[in-house]
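# Inside the fold
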Amino acid sequence: MAEKEEFIEVLKTTPLIALASAGEAGPNVRIMDFLFDEEAKTIYFPTSSRSHKVDEFEASNTVALTTIPMGPGAVVRIQGAKVSKSAKSVADVREALTAKRGGVAHLLDAFGETGVVYEIPVTGGVIIDKGKPSKVEL
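Since the structure is predicted, the reported quantities are computational estimates derived from the model, not experimental observations.

## Things to note about helix α3 (residues 90-100)
Residues V90, V93 and L97 constitute the buried set of α3. Summarising the axial view, the buried residues of α3 lie within an arc of 75°, below the 170-degree limit, and thus occupy one face. Every exposed residue of α3 that faces more than 90 degrees away from the buried side is listed here: A91, D92, E95 and A99. Of the surrounding elements, those touching the buried residues of α3 are β2 (26-33), β3 (35-37), β4 (42-48), α4 (105-111) and β8 (115-121).

Pasting the structure below:
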C-alpha cells in the first residue's frame, strides 16, 4: 500500500489519538477518541466544553497528535495542526465514533449538554511503518 493510502487508512481505522496542546505549564497530552472524514480531510473529536483543553485551544490553537495503534501496525503523526470548534454536534459524530470503539458511548453520554466537537484539518503528516517514517501530503 502506498504511503498516502496507508496514512488515510490508519486515520480512518484507529480509534484513539494522543493529542498535545500547550497549557500554562507547558505541553499537555491526553488520549482522545476521534474520527477522520476522508472527504473533508478533517479529524473530529468530542469533548466537554468545561475541559481544560478547551481553554488551551483558545490560548493557542496549534496542536500535535499521534495515532495509538491497537496492535502492530503503522502510526500517523501530525505536528503544527490547527484546532477549532466544529459546527458538528456530538450527535453528528456519535454513530461513527461508537462504530470505531463502542466503549466511547458512556463518555459521550456523560458530556450531556456540555458536549462539543472540535476539528483539525489534515493537510499531511508522517506515517511510521516498521520504524520507517515517510512524509505524506494530502
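## What to know about the sheet that holds strand β1 (residues 16-23)
Overall, antiparallel pairing links the six strands, which are arranged β2-β1-β5-β6-β9-β10 in an open sheet. Both edges of this open sheet fall to β2 and β10 (132-137), since each of them pairs with a single strand only. Averaged over neighbouring strand pairs, the angle between their axes works out to 20° when direction is ignored. Bridge count for strand β5 (residues 62-67) against strand β6 (residues 75-82) is four bridges, and the pairing is antiparallel. When the bridges of β6 are listed, V63 appears paired with A81. Relative to the sheet, helix α2 (residues 52-59) contacts β1, β2 and β5, its axis offset from that of β1 by approximately 60°.

## What to know about the sheet that holds β8
The four strands lie next to each other as β3-β4-β8-β7, forming an open sheet whose pairing is antiparallel. Every other strand in the sheet has two partners, leaving β3 and β7 (84-85) as the edge strands with one partner each. Direction of pairing for β7 relative to β8: antiparallel, over a ladder of two bridges. Residue pairing in the sheet places K85 in a bridge with Y118 of β8. Docked against the sheet, α2 engages β4 and β8, running at close to 130° with respect to β4.

## Structural notes on the side chain of E56
Among the structural elements, E56 can be located in helix α2. According to the relative accessible area criterion, E56 is buried, its value standing at 9%. Of the polar contacts made by the side chain of E56, one reaches the side chain of N28; its length is 2.9 Å. In this structure E56 touches S21, A22, G23, N28 and R30, once residues within four positions along its chain are discounted.

## Quick word on the nonpolar core
Ranked by size, the top nonpolar core spans 26 residues in total, and within it F7, L11, L19, I43, F45, I78 and I120 carry the most contacts. If you list the elements that add at least two residues to this core, you get α1 (3-13), β1, β4, α2, β5, β6 and β8. Here the element with the most residues in this core is α1; it accounts for four residues. Apart from the residues lying within four places of it in its own chain, the contact partners of I78 are F7, I43, V63, A64, L65, V122, G124 and G125. Counting residues in each nonpolar core, the second largest holds nine residues, with L35, V90, V93 and L97 among its members.

## Concerning the pairing of β5
Only one face of β5 is buried, namely the one carrying V63, L65 and T67, since none of T62, A64 and T66 on the opposite face is buried. Inspection of the sheet shows β1 paired to β5 by four bridges, in the antiparallel sense. Bridged to I17 within β5 is T67.

Conventions we followed
- Residues numbered from 1 in each chain as written.
- Predicted model: local features only at pLDDT ≥ 70, side-chain atom pairs only at ≥ 80, totals over all residues.
- Heavy atoms only, no water.
- Buried < 20%, exposed > 50% of the residue type's maximum accessible area, 1.4 Å probe, protein only.
- Helix = DSSP H or I, 4+ residues; strand = E, 2+ residues; numbered from the N terminus.
- Arc of directions from axis to C-beta.
- Contact = heavy atoms within 4.5 Å.
- Pairing = 2+ DSSP bridges.
- Axes fitted to C-alpha atoms, helices over the stretch in contact; angles between N-to-C directions.
- Polar contact = N/O pair within 3.5 Å; in protein donor to acceptor, adjacent residues only side chain to side chain.
- Core = buried A, V, L, I, M, F, W, Y, C linked by side-chain atoms within 4.5 Å.

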